Amino acid sequence: MEKDNLRTEDARPHFYKIIYGEDIKQHMIPPDFMKHLPKEMPNRATLTGPCGSHWRVSVKNDANCTYLQKGWKEFMKENKLGGNEFLTFRYDGNMLFYVKILDMMEICCSRQAPPVFGNRDGKQGQGGPKKRPVGSLDLHGLQFQGSKEGSGQSSRIGKTTKLFTSGSPHFMASMTKSSVENPFLLHIPQSFSAAAQFPPLKRKVVLRDSAGKAWDVICLHDKGGHYLSGGWRFFARCHNLKLGDVCKFELVNIDEMQVHVL
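What you see is a predicted model; the values in this text were computed from it and never measured. (Residues numbered from 1 in each chain as written. Predicted model: local features only at pLDDT ≥ 70, side-chain atom pairs only at ≥ 80, totals over all residues. Heavy atoms only, no water.)

A. Representation of the overall build of the chain. A count of helical and extended segments in the chain gives seven helices and 14 strands. Counting contacts in the chain only where the partners sit at least 6 residues apart, residues at least 24 apart contribute 60% of the total. When the accessible surface of the chain is summed, it comes to about 14200 Å², and 50% of that surface belongs to carbon and sulfur atoms. (Helix = DSSP H or I, 4+ residues; strand = E, 2+ residues; numbered from the N terminus. Contact = heavy atoms within 4.5 Å. Areas by Shrake-Rupley, 256 points an atom, 1.4 Å probe, with all protein chains shown as cover.)

Rendered as structure tokens:
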């Protein structure tokens, strides 16, 4: 579907697709989008993913439809797609597409909860009572920092902490199974939330990596505290985070954290 009615800050042509898991072998380019492509259709296209990697895919015309075929399966597999992701395809010309990947939790939260800036008193900045996000997760039974699953990494965190000093609020997180596999949730310690003055609301935050690249992530709030959710899994995947890896999160601005992968 062409992205005529969806807001975008970029004037370049876009179309979008929701991946439910069935589009393994090929992906159809919407017929209405074909007006943006060359009349003499090349047989190859390039997809650039959110991590900056490139995939060459074949382009095939079949009756009145055009498909991305050979190479699409590899794109799906290497980005671990097939779990209700929302993809936007931005056309940069010359059969080059930049693909942005969002999960449906991020879409639901971003539509229902605009970012809250400067409101640190715990009150919702935009009217109405707080609602539980569509598709929100039951966090009962999941294991995060300080749980039995993560306790074996406490000595590593302790040793790593000695290497860093910072006057800003910060915390260390050892990657548990819940943070690097489904449901891809990272628990934020309550001590950090209090020091950073995070209100008890879902909100957008920015994670900035060592290369300076910014990642928009949804921060959920539950009775157990704050959690990084929608968008976190793509940060974790692009930085190849695995069980037991340690990251340092440092507050550098309102709703912005610098992340050091150790």
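B. Highlighting the sheet that holds strand E5 (residues 65-68). Judged by pairing direction, the sheet is mixed, and its seven strands sit side by side in the order E1-E6-E7-E3-E4-E5-E2 without closing on themselves. Lying at the two open borders of the sheet, with one neighbouring strand each, are strand E1 (14-19) and strand E2 (27-29). Going from strand to strand, the sheet's axes swing by 35° on average, the running direction of each strand aside. Bridge count for strand E3 (residues 44-48) against strand E7 (residues 96-103) is three bridges, and the pairing is parallel. Each residue of the ladder has a partner; that of Thr-48, found in E7, is Tyr-98. (Pairing = 2+ DSSP bridges. Axes fitted to C-alpha atoms, helices over the stretch in contact; angles between N-to-C directions.)

C. Region of interest: the pairing of strand E8 (residues 170-174). Most of E8 sits out of view: four of its five residues are buried. By the bridge criterion, five bridges tie E8 to strand E13 (residues 246-253) in an arrangement that is antiparallel. Bridged to His-170 within E13 is Glu-250. (Buried < 20%, exposed > 50% of the residue type's maximum accessible area, 1.4 Å probe, protein only.)

D. Structural view of the packing of aromatic side chains. Taken as a whole, this structure holds 15 aromatic pairs when the rule is applied. For the pair Phe-15 and Phe-89, a centre-to-centre distance of 4.6 Å together with 5° between the ring planes defines the contact as stacked. With Phe-15 in strand E1 and Phe-89 in strand E6 (residues 85-91), this pair connects stretches of sequence that are 74 residues apart. Phe-89 gets classed as buried once you look at its relative accessible area, which sits at 1%. A ring pair is formed by Trp-232 and Phe-235, whose centres lie 5.5 Å apart and whose planes are at 20°; its orientation type is stacked. Here Trp-232 and its partner Phe-235 are both found in helix H7 (residues 232-238), three residues apart, which amounts to about one turn of the helix. (Phe/Tyr/Trp six-rings, centres within 6.5 Å; stacked < 30°, edge-to-face > 60°.)

E. Structural detail: the pattern of salt bridges. Under the counting rule described, the total for this entry stands at five salt bridges. Taken together, the shared-partner salt bridges in this structure form one network comprising Arg-12, Arg-90 and Asp-92. (Salt bridge = Lys/Arg side-chain N within 4 Å of Asp/Glu carboxyl O.)

F. Region of the structure containing the nonpolar core. Counting residues in hydrophobic clusters, the biggest one holds 25 residues, and the most contacted among them are Leu-207, Leu-228, Trp-232, Phe-249 and Met-257. Looking at this core, the elements that each hand over two or more residues are E8, strand E9 (186-188), strand E10 (203-208), strand E11 (214-222), H7, E13 and strand E14 (256-261). Setting aside anything within four residues of it in sequence, one finds Leu-207 in contact with Lys-213, Ala-214, Trp-215, Val-217, Leu-228, Trp-232, Phe-235, Phe-249, Met-257 and Val-259. Residues Phe-33, Val-59, Phe-97 and Phe-234 belong to the second largest nonpolar core, which totals 23 residues. (Core = buried A, V, L, I, M, F, W, Y, C linked by side-chain atoms within 4.5 Å.)

G. Layout of the sheet that holds E13. Spatially, the seven strands line up as an open sheet ordered E8-E13-E14-E10-E11-E12-E9, and their pairing is mixed. Two strands in the sheet have a free side with no partner beyond their single neighbour: E8 and E9. Along the sheet, successive strands turn relative to each other by an average axial angle of 35°, direction set aside. When E9 meets strand E12 (residues 225-228), the two strands line up antiparallel, connected through three bridges.

H. Up close: the confidence of the model for the chain. Scored by pLDDT, the chain has a mean of 77; 71% of the residues are at 70 or more. Confidence, expressed as mean pLDDT per element, reaches its minimum in the chain at helix H3 (residues 148-151) with 42 and its maximum at E3 with 95. This stretch, residues 3-8, has a pLDDT under 50; its non-local contacts, to residues over four places away or in other chains, come to nine contacts. (pLDDT = per-residue confidence, 0-100.)

I. Focus on the environment of Asp-245. Position of Asp-245 among the secondary structure elements: in the loop between H7 and E13. C-alpha separation for the pair Asp-245 and Ser-174, spaced 71 residues apart in sequence, amounts to 5.6 Å. Within the structure, the side chain of Asp-245 is placed 2.8 Å from the backbone nitrogen of Lys-242, a separation counted as a polar contact. (Polar contact = N/O pair within 3.5 Å; in protein donor to acceptor, adjacent residues only side chain to side chain.)

J. Representation of the pairing of E14. Sheet topology places E10 next to E14; three bridges connect them, and they run parallel. Opposite Leu-207, over in E14, you have Met-257 as the bridge partner. Bridge count between E13 and E14: six bridges; the pairing is antiparallel. In the strand pairing of E14, Glu-250 is matched with Gln-258. The loop that links E13 with its antiparallel partner E14 comprises two residues; one of these, Asp-255, has a positive phi angle of about 60°.

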